[in-house]
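Chain by chain, the residues run as shown.
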Amino acid sequence: MNKLNLFTIFLFLVFLNATAYGQQAQQPTGQVLDKIVAKVDNYIILESDVQKTYLEAISQVQQGVEPPTRCQVFESLMINKLMVAKAEIDSVLVTDAEVMLQADSRFNMVMQQFGGDEATLLQAYGKSSDQLKKEIEEVIREQLIVQRMRGKITEGLTVSPAEVR
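Residues numbered from 1 in each chain as written. Predicted model: local features only at pLDDT ≥ 70, side-chain atom pairs only at ≥ 80, totals over all residues. Heavy atoms only, no water.

*Asks:* Would you take a moment to explain the overall build of the protein for this structure?
*Replies:* A tally of regular secondary structure across the protein gives 7 helices and 2 strands. Each helix and strand of the protein, placed in order from N terminus to C terminus, yields the pattern α-β-β-α-α-α-α-α-α. Out of the 165 residues belonging to the protein, those deemed buried represent 18%. For the protein, the computed accessible surface area is about 12900 Å², with 57% contributed by carbon and sulfur atoms. (Helix = DSSP H or I, 4+ residues; strand = E, 2+ residues; numbered from the N terminus. Buried < 20%, exposed > 50% of the residue type's maximum accessible area, 1.4 Å probe, protein only. Areas by Shrake-Rupley, 256 points an atom, 1.4 Å probe, with all protein chains shown as cover.)

*Asks:* Mind showing me how you'd approach the layout of surface pockets here?
*Replies:* In this approach a probe as big as a water molecule rolls over the atoms, and the regions it shows empty are the leftover space. Reported here for the largest pocket is a volume of approximately 1500 Å³. Elements with a minimum of two residues in the lining of the largest pocket: β2 (43–46), α2 (47–59), α3 (70–89), α4 (96–113) and α6 (129–154). When residues in the lining of the largest pocket are grouped by element, the largest group, 10 residues, is from α6. For the lining of the largest pocket, the class distribution of residues is 20 nonpolar, 7 polar and 11 charged. (1 Å grid on protein atoms, 1.4 Å probe; cavity = no way out; pocket = protein on both sides within 12 Å on 5 of 7 lines; lining within 4 Å. Points joined across faces, edges and corners; volume = space filled by probe spheres on them. Nonpolar A, V, L, I, M, F, W, Y, C, P; charged D, E, K, R; others polar.)

*Asks:* Explanation requested: the environment of Glu 98 in the structure shown.
*Replies:* Among the secondary structure elements, Glu 98 is positioned in helix α4. Judged by its relative accessible area of 27%, Glu 98 falls in the partly exposed class. C-alpha of Glu 98 to C-alpha of Ile 140: the two residues are 42 residues apart in sequence and 9.2 Å apart in space. Within the structure, Glu 98 has its side chain in polar contact with the backbone nitrogen of Thr 95 (distance 2.8 Å). (Polar contact = N/O pair within 3.5 Å; in protein donor to acceptor, adjacent residues only side chain to side chain.)

*Asks:* Sorry, what's going on with the pairing of strand β1 (residues 36–40) here?
*Replies:* On a regular strand, each side chain points to the face opposite its neighbour's, so the side chains alternate between the two faces of the sheet. Relative to β2, β1 runs antiparallel, the two being bridged by 4 bridges. When the sheet's bridge partners are listed, Lys 39 is paired in β2 with Ile 44. The turn joining β1 and β2, which pair antiparallel and follow one another in sequence, is formed by 2 residues; a positive phi near 55 degrees is taken by Asp 41. (Pairing = 2+ DSSP bridges.)

*Asks:* Please clarify how the environment of Ile 136 should be interpreted in this entry.
*Replies:* Within the secondary structure, Ile 136 sits in helix α6. Through-space distance from the C-alpha of Ile 136 to that of Met 100 is 9.5 Å; in sequence the pair is 36 residues apart. Residues contacting Ile 136, with those up to four places away along its chain left out, are Ala 103, Arg 106 and Phe 107. (Contact = heavy atoms within 4.5 Å.)

*Asks:* Just to check I follow, could you spell out the side chain of Glu 137 for this structure?
*Replies:* Note that Glu 137 resides in helix α6. For Glu 137, the residues in contact, after removing those within four places along its chain, are Val 99, Met 100 and Ala 103.

*Asks:* Looking at this structure, I do not really get the packing of α2 against α3. What am I missing?
*Replies:* The description of two packed helices rests on the angle between their axes and on the distance between the axes. Axis separation between α2 and α3 bottoms out at 9 Å; the angle between their running directions is 115 degrees. Taken as a pair, α2 and α3 cross one another with a handedness that is right-handed. The segment α2 lies against α3, with Glu 47, Asp 49, Val 50, Gln 51, Thr 53, Tyr 54 and Ala 57 engaging Arg 70, Val 73, Phe 74 and Leu 77. Its residues placed into classes, the contact of α2 with α3 shows 6 nonpolar, 2 polar and 3 charged. (Axes fitted to C-alpha atoms, helices over the stretch in contact; angles between N-to-C directions. Left-handed = near helix turned anticlockwise from the far one by under 90°.)

*Asks:* Can you help me understand α6 in this one?
*Replies:* Note that an α-helix has 3.6 residues per turn; residues three or four places apart therefore point the same way. For α6, spanning 26 residues, the distance from its first C-alpha to its last is 37 Å, which sits close to the expected 38 Å at 1.5 Å a residue. All of the buried residues in α6 are Ser 129, Leu 132, Ile 136, Glu 137, Ile 140, Leu 144, Ile 145, Val 146 and Met 149. Close packing links the buried residues of α6 with α3, α4 and α5 (118–125). Just downstream of α6 lies Gly 156, where phi reads positive at about 85 degrees. (Expected span 1.5 Å × (residues − 1).)

Here you go:
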């Protein structure tokens, strides 16, 4: 065999191996833990966020009131992310002090529900008190920004009863 034939066979084997490896790499090898279901500007919404918010909304529904659908919860999350992105553009800010004050208040309410016992809190949420407090701070920061942005959008609007009808 001459060198050209050996080189051709070598290239064929390399390409064959690379193709087989590429096909293997494309197949998922594990379990999907979470996935991105939407992206609004630089903000993402995860499937777990939708599920968690949906379960929270259902648990807070009062008797005689229809619970929200997953689609309504998803829409609400998207609107919130849109408001936060718009607030970033318009320089709508909330202070760390405001966030900390409300986060401490909400965290204390959660602790009261568990009788002030951190072990019970850890067992119920699977998170330490510091982790839970940080999560509460993130939620409150977003809520305050959305609230301020809605106020900015609707400021100066007046609607008459005739316009409502």
